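Structure at a glance
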Amino acid sequence: MKKRLFAIAMASVMSIGVLSGCAGGGSSASSAGGESDGTETYTWRLAHEEYDGDMQDVYAKEFAQKLNENSDGRINLEIYPVGQIGDALQQCELLQNGGLEFAIISPGNTGTVVPENQLFSLHFLFPQDWEKTQEILQTSEALNGMLHDKYVEKKIKPLSFWTEGAMAWTSNKSLKDIKNFKGMKFRTMQSPMIIAAYEAYGANPTPMSYTEVYSGLQLNMIEGQENPTSAIHTSKFHEVQKYLTEANSNLFITATCVNPTFFDGLPADIQQIVLDTVEEMIPRSFEIQEELNGGALDKITSESSIVVETLTDEERAAYEEAAQKAYGVYKKIVGEDGAAILDKLIEEVNAVEAQ
């Protein structure tokens, strides 16, 4: 049934592109690489993995507004939150097949599509300092060169990697002691590496669609989950959980992506508007996550009786030691190319940390 519904959704989205003529790409093959005539208008689609008002939704709407402004009203971007045209994996498939022009795609949902991107699921990889993390995401050759090329091989072109903030854990028992993870049914995304990361802590990782997490927690099908604080609040996970642990073990990294065939077919000046707008959104993405995460914890504590905990240095050290097991798993999963990307990224992180 799910496959049939997805096929219907995909056919519907594809038909929109056909009916809208120039709206799907706005240029003919002959104009690819050249300049637009200055009168063409464009209507494109962007799907993201979250709900209305969540971080990806806020980003997507501002991205759409800036695209419209920077193109003097010629570019219109329609936004589709998760569930409107399929779940995160189905949206990724639509992007690859050209049914969508743009999508915000998180590695946790696409680890089976681009295995090398699972390095984002490794714990204690990025600096604790936000400015250093921002520098790495913007300048890393491992990410913006080596990993970017792996995406393109799968018909996905990342335009920007950005973060929704540090992950927090919610659960029905305290997780200050790593031993309490043993056997816990902990919800994860579909990524094999996220699964490996929590297996390293002794948990029983349980992949589940984001749209099913609240009911899964409520019915005790799962006992805990990870997400940025803002997502925990907007999805109301604090209503059905007893503890929130500010682990800062890993970042929720996502990516603004485009279908490469579509993008390469655009006139050069339109491509540049897209690239410039993505660049403009980089510092804004950090501001959005700070704004949304900053007030979310206060709202969570005022709206529920959830207990908020922070790991001590000693507790954190126990998690860091256990997390290293997953690094070896990653290299086995992705092979030499993926291992080289991780080694390069670690080298870059160490260089930034040493500054």
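Our structure's up above, just so we're on the same page.
First things first, this report covers the structure right here in the doc. On a predicted model such as this, the values are computed, not experimentally measured, just so you know.

Here's the deal with the overall build of the chain
Counting its regular elements, the chain contains twelve helices and ten strands. For 355 residues, the compact-globule estimate of 2.2 N^0.38 gives 20 Å, and the C-alpha radius of gyration of the chain, at 20 Å, lies within 12% of that figure. For the chain, the spread of C-alpha atoms along the three principal axes comes to 65 × 45 × 35 Å. In the form shown here, the chain has an accessible surface area of approximately 14,900 Å², with 50% of it arising from carbon and sulfur atoms. Between the averaged position of the 27 positive side-chain charges in the chain and that of its 52 negative side-chain charges there is a distance of 9 Å.

Remarks on the packing of helix α2 (residues 55–70) against helix α11 (residues 268–303)
If you want to describe how two helices pack, look at the angle between their axes and the distance between the axes. Interhelical geometry of α2 versus α11 gives an angle of 145° and a closest axis separation of 9 Å. The element α2 and its partner α11 pack so that their crossing is right-handed. The segment α2 lies against α11, with Met-55, Val-58, Tyr-59, Glu-62, Phe-63, Lys-66, Leu-67 and Asn-70 engaging Ile-273, Val-274, Thr-277, Val-278, Glu-280, Met-281, Arg-284, Ser-285, Ile-288, Gln-289, Leu-292 and Asn-293. Here the residues of the contact of α2 with α11 are counted per class, giving eleven nonpolar, five polar and four charged.

Here's the deal with the state of the cysteines
With the rule as written, the count across this model stands at zero disulfides. The thiol of Cys-92 is unpaired, and the distance to the nearest cysteine sulfur, on Cys-257, comes to 8.0 Å.

Examining the nonpolar core
Among the nonpolar cores identified, the biggest contains 41 residues, and Leu-119, Leu-122 and Leu-345 are the most heavily contacted of them. Of all the elements, helix α12 (residues 313–353) adds the most residues to this core, at nine residues. The residues touching Leu-122, leaving out its near neighbours within four places in the chain, are Met-193, Asn-250, Ala-326, Tyr-327, Tyr-330 and Leu-342. Judged by nonpolar contacts, the second largest core, of 25 residues, contains Tyr-59, Val-258, Phe-263 and Ile-270.

Here we look at the packing of aromatic side chains
Under the defined criterion, the tally for this structure stands at 24 aromatic pairs. Each ring, one from Trp-44 and one from Phe-102, has its centre 5.5 Å from the other, and the planes form 35°; the classification is tilted. Separated by 58 residues along the polypeptide, Trp-44 in strand β1 (residues 42–47) and Phe-102 in strand β3 (residues 102–105) bring together distant segments of the chain. By the burial criterion, Trp-44 is buried, and Phe-102 matches it.

Thoughts on the side chain of Asp-54
Looking at the secondary structure, you find Asp-54 in the loop between β1 and α2. For Asp-54, which is buried and forms no salt bridge, the nearest opposite charge comes from Lys-236, at a distance of 9.9 Å. Excluding its chain neighbours within four sequence positions, the residues that come into contact with Asp-54 are Tyr-210, Thr-234 and Leu-292.

Quick look at helix α6 (residues 141–153)
An ideal rise of 1.5 Å per residue puts 18 Å on 13 residues; α6 measures up with 17 Å between its terminal C-alpha atoms. When the local axis directions of α6 are compared, the greatest deviation, roughly 30°, occurs at Leu-147. Along its buried surface, α6 packs onto α4 (107–110), α5 (130–139), β4 (157–171) and α12. The N-terminus of α6 is capped by Ser-140, whose side-chain oxygen sits 3.2 Å from the backbone nitrogen of Ala-142.

Structural notes on unusual backbone geometry
At Phe-124, a position not held by glycine, the phi torsion is positive, near 60°. Along the chain, Phe-124 falls in the loop between α4 and α5. For Phe-124, a relative accessible area of 14% translates into the label buried. One non-glycine residue with positive phi stands out, namely Lys-236, at about 65°. Tracing the sequence through the fold places Lys-236 in the loop between α9 (229–234) and β8 (243–246).

Side note on the pattern of salt bridges
Applying the stated rule across the entire model yields 13 salt bridges. Of the charged contacts, one joins Arg-284 and Glu-62 as a salt bridge, the two residues approaching to 2.8 Å between their closest N and O atoms. One end of the pair, Arg-284, is in helix α11; the other, Glu-62, is in helix α2, with 222 residues separating them in the sequence. Taken together, the shared-partner salt bridges connect Glu-62, Arg-284, Glu-287 and Glu-291 into one network.

Some remarks on α5
For α5, the full list of buried residues reads Thr-133, Gln-134, Ile-136 and Leu-137. Buried residues in α5, looked at end-on, bunch into an arc of 160°, giving them a common side. Exposed and facing more than 90 degrees away from the buried side of α5 are Glu-131 and Thr-139. Where α5 is buried, its residues meet α6, β4, β9 (251–258), α11 and α12. Its side-chain oxygen placed 2.9 Å from the backbone nitrogen of Glu-131, Asp-129 serves as the N-cap of α5.

Notes on the pairing of strand β6 (residues 204–207)
Two elements, strand β5 (residues 185–188) and β6, share four bridges in a ladder whose sense is parallel. Pairing of Phe-186 across the sheet is with Pro-205, part of β6. The parallel pair β5 and β6, bridged by helix α7 (residues 192–199), forms a crossover whose chirality is right-handed.

Cut-offs applied
Residues numbered from 1 in each chain as written. Predicted model: local features only at pLDDT ≥ 70, side-chain atom pairs only at ≥ 80, totals over all residues. Heavy atoms only, no water. Helix = DSSP H or I, 4+ residues; strand = E, 2+ residues; numbered from the N terminus. Rg over C-alpha atoms; globule rule 2.2 N^0.38 Å. Areas by Shrake-Rupley, 256 points an atom, 1.4 Å probe, with all protein chains shown as cover. Lys, Arg positive; Asp, Glu negative; His and termini not counted. Charge placed at Lys NZ, Arg CZ, Asp CG, Glu CD. Axes fitted to C-alpha atoms, helices over the stretch in contact; angles between N-to-C directions. Left-handed = near helix turned anticlockwise from the far one by under 90°. Contact = heavy atoms within 4.5 Å. Nonpolar A, V, L, I, M, F, W, Y, C, P; charged D, E, K, R; others polar. Disulfide = S-S within 2.5 Å. Core = buried A, V, L, I, M, F, W, Y, C linked by side-chain atoms within 4.5 Å. Buried < 20%, exposed > 50% of the residue type's maximum accessible area, 1.4 Å probe, protein only. Phe/Tyr/Trp six-rings, centres within 6.5 Å; stacked < 30°, edge-to-face > 60°. Salt bridge = Lys/Arg side-chain N within 4 Å of Asp/Glu carboxyl O. Expected span 1.5 Å × (residues − 1). Bend = angle between axes of the 7 residues up to and from the residue. Polar contact = N/O pair within 3.5 Å; in protein donor to acceptor, adjacent residues only side chain to side chain. Arc of directions from axis to C-beta. Pairing = 2+ DSSP bridges. Right-handed = clockwise from strand over helix to strand, strands pointing away.

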